[in-house]
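If you want the building blocks of each chain, they are given just below.
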Amino acid sequence: MDNLSEALEKLKLASTDSATDSVESCLDCLLKALANNNTEASVKIQEMGILPLLPTLLKPQSSCTPKVANIIAEVAKNEFMRSPCVEAGLIPPLIQLLNSTDQEVLLQTGRALGNICYDSHSLQAQLINMGVIPTLVKLLGIHSHNTALTEMCLIAFGNLAELESSKEQFASTNIAEELVRLFQKQTEHEKKEMIFEVLAPLAENDVIKLQLVEAGLVECLLEVVAQTVDGEREEDIAQLKTASDLMVLLLLGDESMQKLFEGGKGSVFQRVLSWIPSNNHQLQLAGALAIANFARNDGNCIHMVDTGIVQKLLELLDRHVNEGNVTVQHAALSALRNLAIPVVNKSKMLSAGVADVVLKFLQSEMPPVQFKLLGTLRMLIDTQAEAADQLGTNGKLVERLVEWCEAKDHAGVMGESNRLLSALIRHSKSKEVVRTVIQGGGVKHLVTMATSEHMIMQNEALVALGLIAALDLVAAEKDFVGANLVSVLHKLLSDERSAPEIKYNSMILICAVMGSEPLHKEVQSLAFIDVVSKLRAHENKTVSHQASLTEQRLTAQS
């Protein structure tokens, strides 16, 4: 350590008179000390005020520059040294050095910047603002044969790509082409993994998704899948997962997805279809998720249902009733739910037995599966009276829905259960369905649903409750009273924030429950006539007209 102190003193003197030889020998001593005991040497360098001297030594043409940059890189391995490096003004001269043609300077400069900014989003953002991304992309293109420099660029990209502010800059470069070209040359697992780690965050951006597709990344991924699908080594399993996951991610962009779908005739789409019957769970999962992504467009959905994709998904689900792979169940149900959105697909999917297969998962205890199961059934019965009637009189289904309506720990499941319960009534308009829901204890949940913060759910609940009152008020009377329905309706009508359709359907429901003596008494005790008479002046003509009719009804029966 005495040698280090001496070298640091000499460096102070030498840096002022620019004696290159003596500076170099001092730098060699520093590097040796850092190699022996990095932390102790770094402390000493800071204590003796060396960091502020280094910017003047970072000259593009100086032979000392690679060693100075190397020292900064070594010092910045220590977290406590990063702020002092920034305060010493080292970042601007280091960024200037990225324009150097000297590969050793570039390598050590990249290491230095990477270590200083490691784990600091604010410093990484500063680098982005200083235009480091286009420079690094250019370097990757020029020096792709230099393994060490390539790795430095990849590590930098991996860190910077995590920041949202970097995506726009990356999108304005040819990063997609460079990464795909680099990927195509790799044979080693570790190198491919490094590139994957950069591709994943970049592929979250829709513009870059399309660039990657156009640069031929998908073909690379399909090749990786083909090479690793039967592999048993850990690295094969890891690469298969990464490649197939990335493939699914590329399909999340509307433009990139449509480009790969190619009207259902695309080779990529066909390859993905072949993953679904595979015996590999990872490929089954990726295949189902890919179909769910392709099914974000009505035209695609109609084409896929017409060409038999539903049967493939049902066979996949059947295989997982007993195997119980939750991720595959969730993905296949997601695909079916999306496919069921276009009206023309619903009856075809019902005829194919989708509802029967979906009901096999009714006993699942996994909230993600429950959520998708409910969404799939709700989409299927929309406008399908016969199916709604059939499912709505299924006591086991209604019992499970009522149970899930109380799943307070899983808001999504709770919301979807309520919506499906309401949909069964609204689409069937069946007295038998209404009775099944009443007997199953579903009425109180529909009343609670009418108080939801989401207007669409409020409305669905009110329409369902109106049908219950119209079809079997006698059977529902006790539940309406127990759930304080009249009080809920009073609040909805009194609340200025309630949407016109909420007010309209609330008044329809008030009129419908007047045939029940206990409910009629509650309506009278809450002075509904005052609230309704105010609504006669409502700006919405439908609400105003219904208020007049409701007021007449209330007056006639008071």
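Residues numbered from 1 in each chain as written. Predicted model: local features only at pLDDT ≥ 70, side-chain atom pairs only at ≥ 80, totals over all residues. Heavy atoms only, no water.

Re the UniProt feature "repeat: ARM" (unreviewed entry) in the protein
UniProt records the feature "repeat: ARM" (unreviewed entry) for residues 89–131 and 308–354 in the present numbering. Between the C-alpha atoms that bound residues 89–131 the distance is 17 Å, and the span itself is 70% helix and 0% strand. (UniProt positions renumbered as here; feature names shortened; annotations may be inferred. Helix = DSSP H or I, 4+ residues; strand = E, 2+ residues; numbered from the N terminus.)

With respect to helix α26 (residues 367–381)
Every α-helix winds through 3.6 residues per turn, so residues three or four apart in the chain are directed the same way. With 15 residues, α26 extends 21 Å between its outermost C-alpha atoms, agreeing within 8% with the 21 Å of an ideal straight helix rising 1.5 Å per residue. Across the 15 residues that make up α26, a large majority, 13, are buried. After α26 finishes, the residue T383 shows a positive phi value of roughly 70°. (Expected span 1.5 Å × (residues − 1). Buried < 20%, exposed > 50% of the residue type's maximum accessible area, 1.4 Å probe, protein only.)

A look at the pattern of salt bridges
Scanning all chains against the criterion turns up 25 salt bridges. Of the charged contacts in the structure, one is a salt bridge between E24 and K67, with a shortest N-O distance of 2.8 Å. One end of the pair, E24, is in helix α2 (residues 20–36); the other, K67, is in helix α5 (residues 65–75), with 43 residues separating them in the sequence. With a relative accessible area of 18%, E24 lands in the buried category. Of the charged contacts, one joins R233 and E235 as a salt bridge, the two residues approaching to 3.4 Å between their closest N and O atoms. The network of salt bridges with common partners includes E24, D28 and K67. (Salt bridge = Lys/Arg side-chain N within 4 Å of Asp/Glu carboxyl O.)

Here we look at the packing of aromatic side chains
Each pair of aromatic rings is reported with the distance of its centres and the angle of its planes. The tally for this structure, following the rule as stated, stands at five aromatic pairs. Taking 5.4 Å as the distance between ring centres and 45° as the angle between the ring planes, the aromatic pair formed by F261 and F294 counts as tilted. Taken together, the residues span a long stretch of sequence, with F261 in helix α18 (residues 254–261) and F294 in helix α20 (residues 281–294) at a distance of 33 residues. Using a relative accessible area of 3% as the deciding quantity, one classes F261 as buried. Their ring planes at 90° and their centres at 5.1 Å tell us that F269 and F294 sit as a pair that is edge-to-face. Here F269 is found in helix α19 (residues 267–275), whereas its partner F294 is found in helix α20, with 25 residues between them in sequence. (Phe/Tyr/Trp six-rings, centres within 6.5 Å; stacked < 30°, edge-to-face > 60°.)

Considering unusual backbone geometry
One non-glycine residue, E262, lies in positive phi territory at about 45°. Relative to the elements of secondary structure, E262 occurs in the loop between α18 and α19. The residue K429 is not glycine, and still its phi comes out positive at about 50°. Inspection of the secondary structure puts K429 in the loop between α29 (411–428) and α30 (431–439).

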